[in-house]
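Close look at the chain arrangement
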2 protein chains.
Amino acid sequence: MKLLEDRIEKDGYILGENIIKVDSFLNHQLDIKFLSELSEEVYNHFKDRGINKILTIEASGIALATVVSEKFGYLPVVFAKKQKTKNIGGDVYESKVQSFTTDKEYTVTVSKKFLNEGDKLLLIDDFLAEGNALNGLISIAEQSGAKVEGVSVAVEKGFQEGGKIIREEGYDLLSLAIIESIDNGEFTFRK
Amino acid sequence: MKLLEDRIEKDGYILGENIIKVDSFLNHQLDIKFLSELSEEVYNHFKDRGINKILTIEASGIALATVVSEKFGYLPVVFAKKQKTKNIGGDVYESKVQSFTTDKEYTVTVSKKFLNEGDKLLLIDDFLAEGNALNGLISIAEQSGAKVEGVSVAVEKGFQEGGKIIREEGYDLLSLAIIESIDNGEFTFRK
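Chain A carries the name Xanthine phosphoribosyltransferase in an unreviewed UniProt entry, which gives Peptoniphilus indolicus ATCC 29427 as its organism. Under the Catalytic activity (unreviewed entry) heading, UniProt states for chain A: "XMP + diphosphate = xanthine + 5-phospho-alpha-D-ribose 1-diphosphate". For chain A, the Sequence similarities (unreviewed entry) comment in UniProt is given as "Belongs to the purine/pyrimidine phosphoribosyltransferase family. Xpt subfamily."

All names here are of chain A. For the pair helix α2 (residues 32-46) and helix α3 (residues 61-71), interaxial distance at closest approach is 8 Å and the crossing angle is 55°. The orientation of α2 with respect to α3, classified from their angle, is oblique. Classified by chirality, the crossing of α3 by α2 is right-handed. Here Ile 32, Leu 35, Ser 36, Ser 39, Glu 40, Val 42 and Tyr 43 of α2 come into contact with α3, specifically with Ala 63, Leu 64, Val 67, Val 68 and Lys 71. Of the residues that constitute the contact of α2 with α3, the class distribution is eight nonpolar, two polar and two charged.

Moving on, we get to the sheet that holds strand β3 (residues 29-30) of chain A. Ordered by their spatial adjacency, seven strands build an open sheet running β3(A)-β5(B)-β4(B)-β8(B)-β9(B)-β10(B)-β11(B), and the pairing between neighbours is mixed. The open sheet is flanked by β3 of chain A together with β11 (186-189) of chain B, the only strands paired with a single partner.

Turning our eyes to something else, we now look at the pattern of salt bridges. Tallying each qualifying case throughout the model produces 27 salt bridges over all chains. Through salt bridges that share partners, Arg 7, Lys 10, Asp 11 and Asp 31 of chain A make up one connected network.

Moving on, we come to the nonpolar core. With 76 residues, the main nonpolar core has Leu 4, Ile 8 and Leu 122 of chain A together with Leu 4, Ile 8 and Leu 122 of chain B as its most contacted residues. If we ignore the near neighbours within four places in the chain, the residues touching Leu 4 of chain B are Phe 25, Phe 34, Leu 38, Ala 154, Val 155, Leu 176 and Ala 177 of chain B.

Locating Glu 58 of chain B in the fold gives a position in the loop between β4 (53-57) and α3 (61-71). In this structure, Glu 58 of chain B is buried with no salt-bridge partner, the nearest side chain bearing the opposite charge being Lys 81 of chain B at 5.9 Å. A distance of 2.9 Å separates a polar atom in the side chain of Glu 58 of chain B from the backbone nitrogen of Lys 82 of chain B. If near-sequence neighbours (up to four positions away) are discounted, Glu 58 of chain B is found in contact with Ala 59 of chain A together with Phe 79, Ala 80, Lys 81 and Lys 82 of chain B.

On to the UniProt feature "binding site: 5-phospho-alpha-D-ribose 1-diphosphate" (unreviewed entry) in chain A, then. Residues and elements named next belong to chain A. Within the UniProt annotation, "binding site: 5-phospho-alpha-D-ribose 1-diphosphate" (unreviewed entry) is assigned to Ala 129, Glu 130, Gly 131, Asn 132 and Ala 133. A relative accessible area of 31% places Glu 130 in the partly exposed class. At 2.8 Å, the side chain of Glu 130 and the side chain of Gln 160 are in polar contact. Within the element layout of this structure, Asn 132 appears in helix α4 (residues 132-144). A residue is classified by how much of its surface remains accessible, and Asn 132, at 29% relative accessible area, is partly exposed. In this structure Asn 132 touches Val 97 and Gln 98, once residues within four positions along its chain are discounted. Polar contacts involving the side chain of Asn 132 include one to the main-chain carbonyl oxygen of Gln 98, which spans 2.9 Å.

What follows deals with the interface of chain A and chain B. Taken together, the 44 residues of chain A in the interface contact 44 residues of chain B. Buried surface at the junction of chain A and chain B, summed over both partners, amounts to about 3700 Å²; 61% is from carbon and sulfur atoms. Taken together, chain A and chain B are joined by two salt bridges. In this structure, Asp 23 of chain B and Lys 113 of chain A form a salt bridge, with 3.2 Å as the shortest nitrogen-oxygen distance. Where chain A meets chain B, there are twelve residue pairs in polar contact (both at pLDDT 80 or more). Elements that contribute at least two residues to the side of chain A that touches chain B include exactly β1 (13-15), β2 (19-21), β3, α2, α3, β5 (77-80) and β7 (105-111) of chain A. In terms of residue count, α3 of chain A provides more of the side of chain A that touches chain B than any other element does, six residues in total. Looking at side-chain class alone, the side of chain A that touches chain B contains 19 nonpolar, 15 polar and ten charged residues.

Note on the copies: chain A fits chain B at an RMSD of 0.0 Å, the axial shift is 0.0 Å, and the rotation between them is 180°. What the rotation and shift describe, once combined, is the action of a two-fold rotation axis. Considering only C-alpha atoms, the residue of chain A closest to the rotation axis is Ala 59 of chain A, which sits at 2.5 Å. Comparing interface residues between copies, 100% of those in chain A also lie at the interface in chain B; the contact surface is shared.

This brings us to the sheet that holds strand β4 (residues 53-57) of chain A. One key point about sheets: their strands pair by backbone hydrogen bonds, in either a parallel or an antiparallel sense. Across the sheet, which stays open at both edges, the seven strands sit in the order β11(A)-β10(A)-β9(A)-β8(A)-β4(A)-β5(A)-β3(B) with mixed pairing between neighbours. Only two strands of the sheet have a single neighbouring strand rather than two, namely β11 (186-189) of chain A together with β3 (29-30) of chain B. By the bridge criterion, four bridges tie β4 of chain A to β5 of chain A in an arrangement that is parallel. When the sheet's bridge partners are listed, Thr 56 of chain A is paired in β5 of chain A with Phe 79 of chain A. Lying over the sheet, α2 of chain A contacts β8 (120-128), β9 (147-157) and β10 (173-183) of chain A, oriented at roughly 125° with respect to β10 of chain A.

About the criteria used
- Residues numbered from 1 in each chain as written.
- Chains lettered and ligands numbered in written order.
- Predicted model: local features only at pLDDT ≥ 70, side-chain atom pairs only at ≥ 80, totals over all residues.
- Heavy atoms only, no water.
- UniProt positions renumbered as here; feature names shortened; annotations may be inferred.
- Axes fitted to C-alpha atoms, helices over the stretch in contact; angles between N-to-C directions.
- Helix = DSSP H or I, 4+ residues; strand = E, 2+ residues; numbered from the N terminus.
- Parallel < 35°, antiparallel > 145°, perpendicular 65-115°, else oblique.
- Left-handed = near helix turned anticlockwise from the far one by under 90°.
- Contact = heavy atoms within 4.5 Å.
- Nonpolar A, V, L, I, M, F, W, Y, C, P; charged D, E, K, R; others polar.
- Pairing = 2+ DSSP bridges.
- Salt bridge = Lys/Arg side-chain N within 4 Å of Asp/Glu carboxyl O.
- Core = buried A, V, L, I, M, F, W, Y, C linked by side-chain atoms within 4.5 Å.
- Buried < 20%, exposed > 50% of the residue type's maximum accessible area, 1.4 Å probe, protein only.
- Lys, Arg positive; Asp, Glu negative; His and termini not counted.
- Polar contact = N/O pair within 3.5 Å; in protein donor to acceptor, adjacent residues only side chain to side chain.
- Buried area = accessible area lost by both parts, 1.4 Å probe.
- Least-squares fit on C-alpha atoms with pLDDT ≥ 70 in both.

Structural data, given as structure tokens:
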């Protein structure tokens, strides 16, 4: 969507080879009004799917998931946790994830209490590169018997494989902006 | 506030000695409508302080900070990160924090770009026990020259020291519910 593409051109920048930073509005400082505007497109795309719950992953997905929940008339949001703490309590679904930004493997967990067979889920995250975090969420959803009705991210890096893989698996993936390439600090978006 | 005390009595439970779990609405599954109702009290308490930015910490503080931001007419939210990734980019303020729930020490960081002298901050978190995370945020705010106008948490464990220390340091701390004691699985709230 143009709203997000314009903002990326205005406030996004590139670190090193291909790390795209949108930390002034999406994943360190959060422009909540802007996120709320983005969430309207997510709502319009998925509003007829009977979605009853939003699944995201800590930390940067939570704010976008919160404003999307509001647009859907306050759906419950469940966020997957990135490591086990001594107090997660009880049985969890879990999936191993390779982080693109830290090169480390971590485990994402969701308590079995909060995902059920029959749930119709919308998966939300801020960024999609190799798709590792989202594939972890999809695995957790499948373990629970819930159905993934849709997947939405703010920014997809179209020159990495994550989006392609998730679409080929048959999921309805809505990326609000797809960066096709970066050349000399200029972003080119997929139309 | 009674709204939160009632919800803790209904859905909260105790794990082990004194770990209070409110994971069905506050910090794993999120009841966004309920958080939005809580945020009204935060807004009413701090609305005349000239607050221009909200500072929270990943992950469980983000959803509450998001709905508080909305009540204040969409203030920017900055969330402190709990570990360095290779792409945080540039200079950061940092503070070491001892985790009550994992027994590990971690570093919280905020990019220097997003906190400035002259900022009037409201600090938000979901839980206050020993106060380690909040004291980390206070330290980061002080390093930046920003002023901490107020601190608000959803649940304070009144039988631990964090709230007492932060009040004695002179901060205006609003805890939406203060659990004074737990006996045989029953919560007693401070009035």
